[in-house]
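Residue-level structure breakdown
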Amino acid sequence: GIERDAWYAAYVQTYLERDISTVYNIGDLRDFMRFLRLLAGRCGQQLNLSALAGDIGVSVNTIKRWISILDAGRIVFLLEPYFRNLGKRMVKSPKVYFTDCGLVCFLAGISDRDHLLKGPLAGPLFENYCIQEIFKIFVNKGKPPRCYYLRVHNGVEIDLLIEGGSAMELHPVEIKMNTTPNAGMAAALEKAMNELRDIKFSKASIACLCEKPVPMRQSVTALPVKSFLAEMRSFV
């Protein structure tokens, strides 16, 4: 609505434009704001410093500095890849998420429900929401966020790995903006877990928009987002 947009406009103007530029001397403010809007449009994607630098016309080092400023200010959260003790060729760039989906919507110009739920950022925003809430669970407990994603060059992929429990197990999560989870989603998650036998996994979840928990396989359960987050509050 108008009030929300006015709030975010004021937030961007006072904090992101004025305070950050004063403290960090970010350089050209127009370039920095273009960078913010581009980054919002790429939430949930692997961070590609060279592509961002090329699109804006600044150096890679400038992009690195801007990212570190946003990370330090908890405007964005970098989801690092998990590659401990794995002898496989891992993808090693972090993925970038914002800590506030509302800010992403404002920066990306998403102003109505249809655009939010049916536009090109619908899936990434749902993923961003789930991961920002996991990030907050760790922060609210005074713990460093122990969460990762995993992608191997042979195509094995897990959206989110959350480290917790008494044995510091990894809880694999597939995030799907879907009201009817299907067996294929669970099979893909189970296949990834089976291929990575050197990782100690706990049971796995599909975080989605279903109305109630749905057991999919022996080790995989589809959960409504609210139930998934409640479980993770206990897990971490």
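Look up: the structure comes first, before these words.
Below or above, wherever it landed, is the structure these notes cover. All values derive from a computational prediction rather than experimental measurement. (Residues numbered from 1 in each chain as written. Predicted model: local features only at pLDDT ≥ 70, side-chain atom pairs only at ≥ 80, totals over all residues. Heavy atoms only, no water.)

**A word on the pattern of salt bridges**
Going through the model one piece at a time under the given rule, you end up with 13 salt bridges. Residues Asp-31 and Arg-34 are paired through a salt bridge, measuring 3.8 Å at the closest nitrogen-oxygen approach. You can see Asp-31 and its partner Arg-34 sitting in helix H2 (residues 29-40), three residues apart, about one turn around the helix. The class for Arg-34 is partly exposed, based on a relative accessible area of 35%. Its salt-bridge partner being Lys-136, residue Glu-133 comes within 3.2 Å of it at the nearest N-O pair. With Glu-133 and Lys-136 both in helix H7 (residues 122-140) and three residues apart, this pair spans about one turn of that helix. The class for Glu-133 is buried, based on a relative accessible area of 16%. The class of Lys-136 is partly exposed, set by a relative accessible area of 31%. (Salt bridge = Lys/Arg side-chain N within 4 Å of Asp/Glu carboxyl O. Helix = DSSP H or I, 4+ residues; strand = E, 2+ residues; numbered from the N terminus. Buried < 20%, exposed > 50% of the residue type's maximum accessible area, 1.4 Å probe, protein only.)

**Looking at the sheet that holds strand S1 (residues 76-81)**
Ordered in space as S2-S1-S3-S4-S5-S6-S8-S7, the eight strands form an open sheet in which the pairing is mixed. The sheet is open, and its two borders are formed by strand S2 (95-98) and strand S7 (214-217), each paired with just one other strand. Pairwise comparison of adjacent strand axes, ignoring direction, gives a mean angle of 35 degrees for this sheet. Relative to strand S3 (residues 147-151), S1 runs parallel, the two being bridged by two bridges. Opposite Glu-80, over in S3, you have Tyr-148 as the bridge partner. (Pairing = 2+ DSSP bridges. Axes fitted to C-alpha atoms, helices over the stretch in contact; angles between N-to-C directions.)

**Comments concerning the packing of aromatic side chains**
Think of a pair of aromatic rings as described by two things: how far the centres are apart, and how the planes are tilted against each other in angle. Going through the model one piece at a time under the given rule, you end up with nine aromatic pairs. Geometrically, the ring pair formed by Trp-7 and Tyr-8 is edge-to-face, given 5.0 Å between the ring centres and 90 degrees between the ring planes. Its relative accessible area of 51% is what places Trp-7 among the exposed residues. Ring plane angle 25 degrees and centroid distance 6.2 Å describe the contact between Tyr-8 and Phe-106, whose orientation is recorded as stacked. Separated by 98 residues along the polypeptide, Tyr-8 in helix H1 (residues 2-24) and Phe-106 in helix H5 (residues 101-108) bring together distant segments of the chain. Accessibility expressed as a relative area gives 9% for Tyr-8, which makes it buried. We classify Phe-106 as partly exposed; its relative accessible area is 28%. Put simply, the rings of Trp-7, Tyr-8, Tyr-11, Tyr-15 and Phe-106 touch in pairs and so form one group of aromatic residues. The side chain of Lys-95 reaches across the aromatic face of Tyr-149, ending 5.0 Å from its centre. (Phe/Tyr/Trp six-rings, centres within 6.5 Å; stacked < 30°, edge-to-face > 60°. Lys NZ or Arg CZ within 6 Å of the ring centre and 35° of its normal.)

**Description of H7**
Across its 19 residues, H7 extends 27 Å between first and last C-alpha, which sits within 8% of the 27 Å expected from 1.5 Å per residue. Backbone geometry just after H7 places Gly-142 at a positive phi near 70 degrees. (Expected span 1.5 Å × (residues − 1).)

Everything listed here is a matter of coordinates, which is why it stays silent on function.
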